[in-house]
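Here is what each chain is made of, one letter per residue.
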Amino acid sequence: MNGIEPKSITSCIRCSVHSLQLCVLHGLKNAPITSCIIEARKVVKKLRTPKYASWLKRKHLKYAVIDIETRWNFLYNMIYRLLELKEFCKLHDGTNPDVRLRDCEWESIQSVVNALNPAKTATLALQKQDLNLGDFYGIWLKAIHGLTADGSILAKTIKIAMEKELKEKYLENSKFLAAIYVDPRYQCLLTHDQQDLAINRLVETWETLQLLKDKNPELNRSNSSLDAAVHNEVDTSGQHSEDFFENFLSSQSSNLSQSSTSSNPTQTITAILNYFKNVQRIPYTDILMKYWENQKESHAEIYELACVLLAIPATQVSVERSFSGLKFIVSDLRASLDEELLEAIMVIRCNEQFKKYLVQHLRITDPEKRLNFISWFMVTSEDDPLLINRILWTDESKFTNNGILNKQNNRYWSNENPHWAVTTNFQTCWGTNVWVGLIGDIRKNIYYQQNGAPAHNARIVQEFLRVRFGEKCIATHGPVEWPPRSPDLTPLDFFCGDT
């Protein structure tokens, strides 16, 4: 036994997101849509000029976005936003021919958006964390299913490219087939030859694991677990009642599907894996890791293999996110961080469960006060539908000539004290407090609102407001009690920017 070395079971799988992008670019390159995209881009460039941009802003419409020709996602965003501005363009194309498109061109743009929708949805789904190869397979197949339903030339071109990529780069990869074999959601889609190839790969993996355990007895005492991943996932089971993709998978499921039963410990791993063939399919919306946690005792051997296969990343998105986040940690000012410290910071940054979020502390009476204010507002609004226009919302903020700087929000990392000093000329720095009030078009019987700043709670202020507004005062200790602390937002927070 000591002379036997584990077989090399290392192989590569292409990043699924990268593969999808190549398929979409192939479709855009070969489908006859170039002319309508060129015309759409001309209109978008006109809509981005100051003349039209200010016009759109006055009408509270969204700003037109331009694409980056090498990135199809930006092309999708551009024409999708243009469709949102279609009514504006058609309303003014009589007097402004530079935003005019023919009806056939609008139809072509809509067709392109419809064809790219499945790929756009798949791209967003593939950017999630903790995706395994089974998840990728389902997302890919669902995108192909959506392209088939669309039926346009562009959709067919992308679909053909995706099917070719899936067949050549994934369904001929034994590691990918092994991951699908232990996935009851999609095992029914494998052919007999693919199942046999997957079993051979799983047997090789199992033998390697046993050899490693013989050389490292500690591995026998370590319990592989998927609990952490299970708790981080959202259970979406039960959402497939009217799902056409779920109906498609059900139609592909073998009539010989069998229920899951316990494996016999005296059986060989090959027999156990063969017995797992035609396992009863579970809905594709079910969480695979949760399924295997439930099968941990009855299928201990396959569960151990599943722990290995579910660890294979389907994309390199998490790696690229790590590199993108690294630039915010390692910089010219923090170039000498210890490797262990840098690794610890990256682990915390890349894992949500390690992050702490600061939230406003709420007192025990705060929720009740909020409910009381909401109840008052709803009841009063029924009697006075114009109530929202009668409230004078107020707030104040301080503005300085060099910007507001809070030194508590600035941190510099270093192993040693750099003894830095920031030079500030306080004599030439000035600021002013600005009070702003916002009210609708009604100036009679108004309500006055103010937040809970300490100065607002002074007795002289409270008495003045009571004399001036009577019962129509919304304040911390007013006749209508303003709910303290978070969220404590007024229309000024939305209409007056970051004040």
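On a predicted model such as this, the values are computed, not experimentally measured, just so you know.

**Some thoughts on the confidence of the model for the protein chain**
So, step 1. For the protein chain, the average pLDDT comes to 79, and 80% of its residues sit at 70 or higher.
So, step 2. Every residue in residues 230-241 is under pLDDT 50, and counting partners more than four places away or in other chains gives 18 contacts.
So, step 3. Under a pLDDT of 50 for its full length, residues 405-411 has, in the predicted model, one contact with residues more than four places off or in other chains.

**Some points on the environment of Ala178**
So, step 1. Within the secondary structure, Ala178 is located in helix H9 (residues 174-181).
So, step 2. The sequence separation of Ala178 and Gln195 amounts to 17 residues, and the corresponding C-alpha distance is 7.9 Å.
So, step 3. Sequence-distant contacts of Ala178, that is, excluding residues within four places in its chain, are made with Ala198, Arg201, Leu202 and Leu309.

**Observations regarding the nonpolar core**
So, step 1. Grouped together as the largest cluster of nonpolar side chains are 97 residues, with contacts concentrated most on Leu47, Ile79, Leu82, Leu116, Leu154, Met162 and Trp292.
So, step 2. Grouped together as the second largest cluster of nonpolar side chains are nine residues, Ile391, Tyr447, Ile474 and Val480 included.

**Comments concerning the environment of Met78**
So, step 1. Its place among the elements puts Met78 in helix H4 (residues 72-84).
So, step 2. The spacing of Met78 and Asp67 is eleven residues in sequence and 5.7 Å in space, taken between C-alpha atoms.
So, step 3. Setting aside residues up to four positions removed in sequence, Met78 forms contacts with Arg41, Val44, Val65, Ile66 and Asp67.

**Notes on the pairing of strand S1 (residues 391-400)**
So, step 1. Pairing of S1 with strand S3 (residues 447-449), which is carried by two bridges, proceeds in the parallel orientation. Pairing of Ile391 across the sheet is with Tyr447, part of S3.
So, step 2. Pairing between S1 and strand S2 (residues 431-438): eight bridges, direction antiparallel. Counterpart to Asp395 in the pairing with S2 is Val436.

**Details of the packing of aromatic side chains**
So, step 1. Scanning the model with the defined rule gives 20 aromatic pairs in all.
So, step 2. Consider the rings of Phe373 and Trp482, whose centres lie 5.3 Å apart with planes at 80 degrees: the pair is edge-to-face. Linking Phe373 in helix H19 (residues 366-383) with Trp482 in the loop between strand S5 (480-481) and helix H22 (492-495), this pair joins segments that are 109 residues apart in sequence. Neither Phe373 nor Trp482 differs from the other in exposure class; each is buried.
So, step 3. Judged by centre distance (5.5 Å) and plane angle (70 degrees), the ring pair of Trp376 and Tyr447 falls under edge-to-face. Taken together, the residues Trp376 in helix H19 and Tyr447 in strand S3 connect sequence positions 71 residues apart. Accessibility classification places Trp376 together with Tyr447 in one group, the buried group.
So, step 4. Taken together, the ring pairs connect Phe136, Tyr137, Trp140, Tyr170, Phe176 and Tyr186 into an aromatic cluster.

Conventions and cut-offs
Residues numbered from 1 in each chain as written. Predicted model: local features only at pLDDT ≥ 70, side-chain atom pairs only at ≥ 80, totals over all residues. Heavy atoms only, no water. pLDDT = per-residue confidence, 0-100. Contact = heavy atoms within 4.5 Å. Helix = DSSP H or I, 4+ residues; strand = E, 2+ residues; numbered from the N terminus. Core = buried A, V, L, I, M, F, W, Y, C linked by side-chain atoms within 4.5 Å. Buried < 20%, exposed > 50% of the residue type's maximum accessible area, 1.4 Å probe, protein only. Pairing = 2+ DSSP bridges. Phe/Tyr/Trp six-rings, centres within 6.5 Å; stacked < 30°, edge-to-face > 60°.

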